[in-house]
Protein chains: 2
Amino acid sequence: MQQKHDSLGYTRIRRVAPIAVNTHGGRAKCLQRLIRLDLPVPETVALSFDAVRKLADGQSVDVKDMLNSFGPRPLLCVRPSSEDPDWGGPGAMLNIGMNDQRHAELTKSHGAEVADALYLRFVQSYAIHIERLDPEEFENEKSLPSDQALKAALDAYENETDEAFPQEVEVQVFKVLRSMARAWLGTTARLLRQAKGAPADAGLGLIVQAMSFGVGPGESGTGLIQMIDEDTGAPLIRGRYKRQSLGRFRLSDDTKALYLTSDPRGPSLEQDCPDVFDKLTTYSALCRSKLREEMQIEFVVENGKLAILDAVRVNRSTRAALRTAVQLAEDGIIPKSEAVLRIPPRSLTELLHPQIDPSTQRDVIASGIAASPGGAVGRLVFSSAAAQASSARGESCILVRRETAPEDIRGMHSSVGVLTERGGVTSHAAVIARGMGVPCVVGASVSINTRSKTITASDGRVLKEGDTITLDGSAGQALLGATKMLPPAKDYWYLQLMDWADDIRDIDVRANADTPADAAMARGFKAQGIGLCRTEHMFFDGDRLTVMREMIFAATDADRQEAIARLLPMQRSDFIELFRIMQGQPVCIRLLDPPLHEFLPSDRAGAKELAEALDMPLSDVTRRIEWLSEFNPMLGMRGVRLGITFPEIYAMQARAIFEATIEASKIGDPVVPEVMIPLVSAMREVEMVKTQVDAVAAAVRNEKGADFTYRLGVMVETPRAALRAHEIAQHAAFLSFGTNDLTQMAYGLSRDDAGRFMNSYIQQGVFPEDPFHTLDVDGVGELLTIGADRGRKAAPDITLSVCGEHGGNPESIAFCRAAGFDYVSCSPFRVPVARLAAAQLVAAEEKASNLRRK
Amino acid sequence: MQQKHDSLGYTRIRRVAPIAVNTHGGRAKCLQRLIRLDLPVPETVALSFDAVRKLADGQSVDVKDMLNSFGPRPLLCVRPSSEDPDWGGPGAMLNIGMNDQRHAELTKSHGAEVADALYLRFVQSYAIHIERLDPEEFENEKSLPSDQALKAALDAYENETDEAFPQEVEVQVFKVLRSMARAWLGTTARLLRQAKGAPADAGLGLIVQAMSFGVGPGESGTGLIQMIDEDTGAPLIRGRYKRQSLGRFRLSDDTKALYLTSDPRGPSLEQDCPDVFDKLTTYSALCRSKLREEMQIEFVVENGKLAILDAVRVNRSTRAALRTAVQLAEDGIIPKSEAVLRIPPRSLTELLHPQIDPSTQRDVIASGIAASPGGAVGRLVFSSAAAQASSARGESCILVRRETAPEDIRGMHSSVGVLTERGGVTSHAAVIARGMGVPCVVGASVSINTRSKTITASDGRVLKEGDTITLDGSAGQALLGATKMLPPAKDYWYLQLMDWADDIRDIDVRANADTPADAAMARGFKAQGIGLCRTEHMFFDGDRLTVMREMIFAATDADRQEAIARLLPMQRSDFIELFRIMQGQPVCIRLLDPPLHEFLPSDRAGAKELAEALDMPLSDVTRRIEWLSEFNPMLGMRGVRLGITFPEIYAMQARAIFEATIEASKIGDPVVPEVMIPLVSAMREVEMVKTQVDAVAAAVRNEKGADFTYRLGVMVETPRAALRAHEIAQHAAFLSFGTNDLTQMAYGLSRDDAGRFMNSYIQQGVFPEDPFHTLDVDGVGELLTIGADRGRKAAPDITLSVCGEHGGNPESIAFCRAAGFDYVSCSPFRVPVARLAAAQLVAAEEKASNLRRK
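These numbers come from a predicted model, not from an experiment.

A. Structural context of the UniProt feature "binding site: substrate" (unreviewed entry) in chain A. All names here are of chain A. Listed under "binding site: substrate" (unreviewed entry) in the UniProt record, and renumbered for this structure, are Arg534, Arg590, Glu717, Gly738, Thr739, Asn740 and Asp741. Counting through the fold element by element, arginine 590 comes out in strand β26 (residues 587-590). If sequence neighbours within four positions are ignored, glutamate 717 has contacts with Arg638, Pro678, Leu679, Gly738, Asp741, Leu742 and Met745. Among the polar contacts made by the side chain of glutamate 717, one reaches the main-chain amide nitrogen of leucine 679 at a distance of 2.6 Å.

B. Inspection of the sheet that holds strand β29 (residues 734-738) of chain B at higher detail. Residue and element names in this part refer to chain B. Reading around the barrel, the eight strands line up as β24-β25-β26-β27-β28-β29-β30-β31 and close back on themselves, with parallel pairing between neighbours. With direction set aside, neighbouring strand axes in the sheet form an average angle of 25 degrees. In the sheet, β29 pairs with strand β30 (residues 799-803) via five bridges, with the strands oriented parallel. Residue pairing in the sheet places phenylalanine 737 in a bridge with valine 802 of β30. Along the sheet, helix α29 (residues 739-747) contacts β28 (711-716), β29 and β30; its crossing angle with β29, the most-contacted strand, is approximately 60 degrees.

C. Representation of helix α31 (residues 780-794) of chain B within the structure. The end-to-end C-alpha distance of α31(B) is 21 Å, a good match for the 21 Å that 15 residues give at a rise of 1.5 Å each. Within the sequence span of α31(B), burial applies to B:Val780, B:Gly781, B:Glu782, B:Leu783, B:Leu784, B:Ile786, B:Gly787, B:Ala788 and B:Gly791.

D. Main features of the packing of helix α22 (residues 604-614) of chain A against helix α23 (residues 618-628) of chain A. Residue and element names in this part refer to chain A. One way to put it is that α22 packs onto α23 with a least axis distance of 9 Å and a crossing angle of 120 degrees. Comparing their axes, α23 and α22 come out oblique. In the packing of α22 onto α23, the handedness of the crossing is right-handed. Contact residues: α22 offers Arg604, Ala607, Lys608, Leu610 and Ala611, while α23 offers Leu618, Val621, Thr622 and Ile625.

E. Up close: the environment of A:Ala511. Residue and element names in this part refer to chain A. With respect to the helices, strands and loops of the structure, alanine 511 is situated in strand β24 (residues 508-512). When the C-alpha positions of alanine 511 and leucine 723 are compared, they lie 27 Å apart, and in sequence the two are 212 residues distant. Discounting chain neighbours no more than four positions away, the residues touching alanine 511 are Ala522, Ala527, Gly529, Ile530, Gly531, Leu532, Ser825, Cys826, Pro828 and Val831.

F. Expanded view of the interface of chain B and chain A. Counting residues at the interface gives 53 residues for chain B and 53 residues for chain A. In total, chain B and chain A occlude about 5,000 Å² of area from one another, counting both sides; carbon and sulfur atoms represent 53% of this. Counting across the chain B and chain A interface gives eight salt bridges. Among the salt bridges present, the one from B:Asp776 reaches A:Arg720, with a minimum N-O distance of 2.6 Å. At the boundary of chain B and chain A, one finds 28 residue pairs in polar contact (both at pLDDT 80 or more). Mapped by element, the contributors of at least two residues to the side of chain B that touches chain A are α23 (618-628), α24 (640-645), α26 (683-704), α27 (719-723), α29, α30 (751-763) and α31 of chain B. With five residues, α30(B) is the largest single contributor of residues to the side of chain B that touches chain A. In terms of residue class, the side of chain B that touches chain A is built from 23 nonpolar, 12 polar and 18 charged.

About the cut-offs
- Residues numbered from 1 in each chain as written.
- Chains lettered and ligands numbered in written order.
- Predicted model: local features only at pLDDT ≥ 70, side-chain atom pairs only at ≥ 80, totals over all residues.
- Heavy atoms only, no water.
- UniProt positions renumbered as here; feature names shortened; annotations may be inferred.
- Helix = DSSP H or I, 4+ residues; strand = E, 2+ residues; numbered from the N terminus.
- Contact = heavy atoms within 4.5 Å.
- Polar contact = N/O pair within 3.5 Å; in protein donor to acceptor, adjacent residues only side chain to side chain.
- Pairing = 2+ DSSP bridges.
- Axes fitted to C-alpha atoms, helices over the stretch in contact; angles between N-to-C directions.
- Expected span 1.5 Å × (residues − 1).
- Buried < 20%, exposed > 50% of the residue type's maximum accessible area, 1.4 Å probe, protein only.
- Parallel < 35°, antiparallel > 145°, perpendicular 65-115°, else oblique.
- Left-handed = near helix turned anticlockwise from the far one by under 90°.
- Buried area = accessible area lost by both parts, 1.4 Å probe.
- Salt bridge = Lys/Arg side-chain N within 4 Å of Asp/Glu carboxyl O.
- Nonpolar A, V, L, I, M, F, W, Y, C, P; charged D, E, K, R; others polar.

Below, the structure written as structure tokens:
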């Protein structure tokens, strides 16, 4: 068992020593930094990833040489040091080195009680965590006097293992190190850290440190200190100090602890030990400026002497992280680009929606897919009409539906949250809710009965209309009752960081906005224009829906023309309002896309009502509805196919856009509208619509005696359009990739029908991610690059963009930026996420190139 | 108006003269060939395409020099000579050169009646076709004596034009030539020939020939002769000869004509003029052996002297064309490969189905899409049950449905034809009918009322159940009543030609076959194995459907397993039968593909019945049906998604295949089954199914103590699978491209929903062709080549093929062969078409390379 000492591969941490995050882990590197700052860190040794791997492999090593670093009869603690602190690791082991002899010595120096307690704690930890003995055998001792408890534990150990408790420090240390090394390789530990992004071969380092005692004569104790409030990020000395403390100390465990600063509620370290307190605040400030981060310091006072055991990043809320990053940059400690890099873009959504107070106890009645973030409290309603009535009464409501359809949009607008039984992350409910910024949970584990107006949870509990629930769209849960909420935060720090992000980034961000309300929100989130205005939503409002239906049921061309003529002023006023809000910015309007049957009632009662309204026999109405119904609506007569079959519709829309352009340009900055043709699959479709739209433009110019410019482009959302982009680009000023439909068609998978198996697909690793949530770079991404390359080759000045759900995802933005796209467009609430993510791409590149230069 | 004669660009046709099909047209070339064979052709001059173009452009030319070729005072005829005789051209003009002087001379030589008649005919033709005068002005003369009639015509001409009828031959000829040149450029003429495949700039040549008179002293007359029967291709001297005939003669115009060969019905040329008859048969045989074609010869006898005016390909039926081609090859006149090239592959379908007698008067009650070829007569039925009942009574029936669904398959099997109101060329009805070889018309212009069991034609006529109609699946029509039919012909000549085709071709042809009946048909059509066996059709039969539904409704895993266990022996016996029929040939079996809801009833009555059968509450049944229903079934939980979600299904199918392999190999040649995974979009899907199928194979080998081999492959039918083919190919022995689904997904267009606008899309030229009918080479084709290239790069020995509707199309076969595919697979009835088309690709290449070598 005797080998050369270098086979353990330990390194004493000194100012100069080969310690790196990717060889010894973050904790080892941080401790070296503390030492370089002359902080009083006890003797510490670091074991590299390689050394720990060897231990786990069962190689026997000699630890004697390492022990010599700590002088005679050391007491030691061992802690994990993984590359990223988020990846976890085995728990720390304290008081290694305790044995009968050390016990006797401590009895003399610190008294029997302290010696018994320290020895007992070590025996218990060692038995349970290292020898994996039954914890129950070591828990009876609590009620006994300390000497009897210690004896009982030592006896229990011998009973279970048939060996006396090991007295040799070498044996104790070796077994502790090997046990921790092996725990790292356990399946659960591996899965947990991989879920946090650790690679499969992530290494573990270990830290061996001389113990400092927080018990004993003179001023002795352990404590924690940090210089900010972890919820808000505001400057504030936080922490506690506990005298005569035997082990670790947590902020939450404040029994008999001293406050750090002077406090009317009780004694404080500042008053009782001003010199220790001064040193701690000095060290904290030093850490902040030199480690360029807000650190939480773990310390021990041993007989009046301060020792710094460890320092970790202050664990903080998104709001605190944002304020800290901005404050560090404003103090000149980090560059602004570094501040921008420190905030995970997706975490911004927390700031922009009300959130459920994390300290609240949750009574979960349904779990589902987190489809639109934020929290909301409201009473249950089961129809759009009920939602509108509730909203009119001034009562907040949560709309519950099997799934939503276009006719539910007004109800969704009237609700503070939406809960559905069916659908996936890009189902109708999810997409619309995200666009509106309304919290939404889809595919929830409940059974909805719309007739009895009840929902039955999977545990059998039944809720009825009017009952209050809390919807957590960020976590995908519905909670019983009203839960405490935190308000959204769009404060100075947020605005500052976003300003810096906008200065840095080099790809534009637009918003998908269908209504004036959406547009106002988009402006509020500083979108650089509207990338996708879906005109169909404009036709679902009361009167308009009726006219739309009259158009669909028109018996003659003249009737159809008459109905369309009545839609014209409505559309025109929509666009005038939109252009007024967005003035000076581009607005991209998609011509009508959905199949006509979406505008018709889906049930018999609705059909009857419609028959009355149109003064037609019910059978005629149902026959027409049936005729318009489709096997696969997603792949049916929609988009440009509709526009070519009923050219009057697009002609009306083009006229409304152009007339609105003239009107809006009278009252504000001139508007350059962009007209987008949906669902193109062949160049000829573009040519035909372009001819028509150009003719309408000429007619409007002529009639109104006013000039305007506009751009006509194509929504690339079929694989064929991407493949034939070189042809299509000849007739288009821009190509905007609709990644939702492209994903559906590349996979042959409807987003509405994917929910039933997507979760199991992801769990089984069939798909690495839900491709409707994270852009499928391999497949859909290749269609994007093919389309972009071919389009640009045919028309070098063509504008390229992505609209649709993926537009706001950091991964998609990275992809689009790399492919040289001009902008991404996403729902208004995701605009800040996209702005920050886009900035981070630039900042990360600069940082990497700076590092290379060094 | 005087120019150099060479500006007309005429060429006197001699043995040696620069006459070519692509400069002077087919008729000019053929006449030169007749001259080279020393046939007595009157003096003939050819005008090139360029010369005719100049005439049409209005260039004035001097025709005097050309007229000199014909000696003094010639009488001439002018005929068109386009590159392909099918492209048409203006009608011939006869007797050019007739004028007062010529009339006087002819009165002396041939008598007044002949002279009057010839002059009158010319004046009429000239006035109507050249000067475009009102035909009515020239039709009154019929009742008058010949001299008065002539005078009236000359007067009418002068009245209408204010000019006397032109007496100068130069003027007459020039105007005739220019008029015919311009007629070629008319819009109607251009559209008509473009519909037959002519290029936009197709040229017209003209033939000017000295007239031979079939009237006058001695033996004089005109006639036609050919050596085969144009319906059957059997050797038979066909034609007529008419004495003292003034103009052209058609075979159908047989008043007072002589038979050619001795005939009991009347006088014959053979008996009356044996020397003329001998010459004609000699010339005909000479034409056949030297022009390598069966020709129809037009001749004139003038005072006992034979003149050959023209010879054209005998216009013939497909059956006659086939027999002629084979006979020419057997006689050593053309090579076999040339015989193979002479039959348009698609025309074979005529031979394989009964056809409606083309001479029948048609009373069309509905027009639609020709979805499955052939003709059928039967009584109308409106449900599958009625079809089966009718079939049981031995009565032929035509099944009429709005559209068909999987549960209609048995009804379709029981019908002789299928007519639907909805759907396109690849709708369910169309695909299944083609597979069965049942004539089918979809998207028909009728309104079907299933309740009253009537169909209403667009002209208002109403037909009820039991009424007899004739369905023409080749023309896409339904005809009132029973129409005369021609039987199918799979005779010696057909079999001989197909044998030659099989010897030549270098790409395999397999059949899509789901049932033993399909497989037997596939063998009958000499398919080289089964390329696609869709297993789902096996589950729609009576008992099986019930078990399938029990599986779907299973409350527990054990129940599901139990139902699946009952399906196993049924599947196994299907496969044993299939393998027995196909022994020695590959059989590619696709694992279950359709969404489960296809196996459930679609209406309330069916649901009630099912609830009774399963002893469940109706509400449970409807809830389950509702839960399984999908927004876009085509893009839902089907194919491999089903296989991964319910792994028991594929495990059962794999076991049935392997157990059947062992059984079938005991009684015949060993079978190597191919197992195909449908709707793959990611490599991991293939890995997972492969792992499972391999495990089943190992278990079966172990249990049965028998060995077998099999191949596992992937159906590439999503764009993503094509793009990721390099990954997928690592786990697949073959890739079979499902072009139907690939087309649907490339275009974002469901084949079932396309019918509503596809016709108008094609008419407007938005799509050049229906992409479900003709492979879209630009888009879908690129996905095929991407998939093939990437797949082959990763696995050079991988087998590549196309299955699905496009597989049988000559254009698709050309594409697949060029891309190096191993085989195509199509419905059994298209196998002969595919075999011939594949052979033609090789033969055409060889012919081209032989021509280049010359």
